[in-house]
Amino acid sequence: KTRKTTVKKNNVNDGFKKLKLLVTVVNRSKTEFFMDFLTAYEVNFQTAVLGQGTARSETLYMLGLEDSDKGVIFSVLREDKAEEAMQGLENKFHTLKNGKGIAFTIPMSSVIGVAIYRFLSNHKA
């Protein structure tokens, strides 16, 4: 009599989550606030750059948007935290004085190096 043994192979991707790049554009004066806010979603890496709006000054004045100085925040977070972070940002955009902004995510298809991945994903092995 022969006995079948099933061997389960270890999947390299077990426990690993995909990453996304979250891009958030806000008024420059609120950049620091939003960077601090995003750390609640296990963001371990983010950087901000200064931006300038492209609309003509006459148009901005008519819309009551004289300040065109922006902060552009690039944050890396796990895919499973992205929706929650986007909802949190949307809430802040609607409730915070001068807190208007836009945000979107871009899927990251690869990261070179296990240690880098673990840092970016806040993965504790």
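In the block above lies the structure referred to throughout.
The rules behind these values
Residues numbered from 1 in each chain as written. Predicted model: local features only at pLDDT ≥ 70, side-chain atom pairs only at ≥ 80, totals over all residues. Heavy atoms only, no water. Axes fitted to C-alpha atoms, helices over the stretch in contact; angles between N-to-C directions. Helix = DSSP H or I, 4+ residues; strand = E, 2+ residues; numbered from the N terminus. Left-handed = near helix turned anticlockwise from the far one by under 90°. Contact = heavy atoms within 4.5 Å. Core = buried A, V, L, I, M, F, W, Y, C linked by side-chain atoms within 4.5 Å. Buried < 20%, exposed > 50% of the residue type's maximum accessible area, 1.4 Å probe, protein only. Pairing = 2+ DSSP bridges.

### Some details on the packing of helix α1 (residues 31-38) against helix α3 (residues 79-95)
Here α1 crosses α3 at 145°, and the two axes come no closer than 11 Å. Here the hand of the crossing between α1 and α3 comes out right-handed. In contact with F33, F34, F37 and L38 of α1, α3 contributes G88, L89, K92 and F93.

### Quick notes on the nonpolar core
Ranked by size, the top nonpolar core spans 14 residues in total, and within it F34, L38, I73, L77 and L89 carry the most contacts. Counting only elements with at least two residues in this core, the list comes to β1 (19-27), α1, β3 (69-78) and α3. L77 has contacts with K18, L19, K20, L22, Y41, V43, A82 and A85, leaving out every residue within four places of it along the chain.

### Quick notes on the environment of S29
Residue position: S29 is located in the loop between β1 and α1. Distance from S29 to G99, taken between C-alpha atoms, is 9.2 Å for residues 70 residues apart in sequence.

### Let's talk about the sheet that holds β3
Consider a sheet: its strands pair through backbone hydrogen bonds, and that pairing is either parallel or antiparallel. In spatial order, the strands read β2-β3-β1-β4; together these four strands make up an open sheet with antiparallel pairing. Sheet topology places β2 (45-52) and β4 (101-108) at the edges, where each strand pairs with a single neighbour. Taking each pair of neighbouring strands and ignoring which way they run, the sheet shows an average axis angle of 20°. In this sheet, β3 lies alongside β1 in antiparallel orientation, the contact comprising nine bridges. Its bridge partner lying in β3, L19 is registered against R78. Here α1 sits on the sheet and contacts β1, β2 and β3; the angle it forms with β3, its principal contact strand, is near 10°. Strands in contact with helix α4 (residues 114-121) are β1, β2 and β3; relative to β1, the strand with the most contacts, it is inclined by about 45°.

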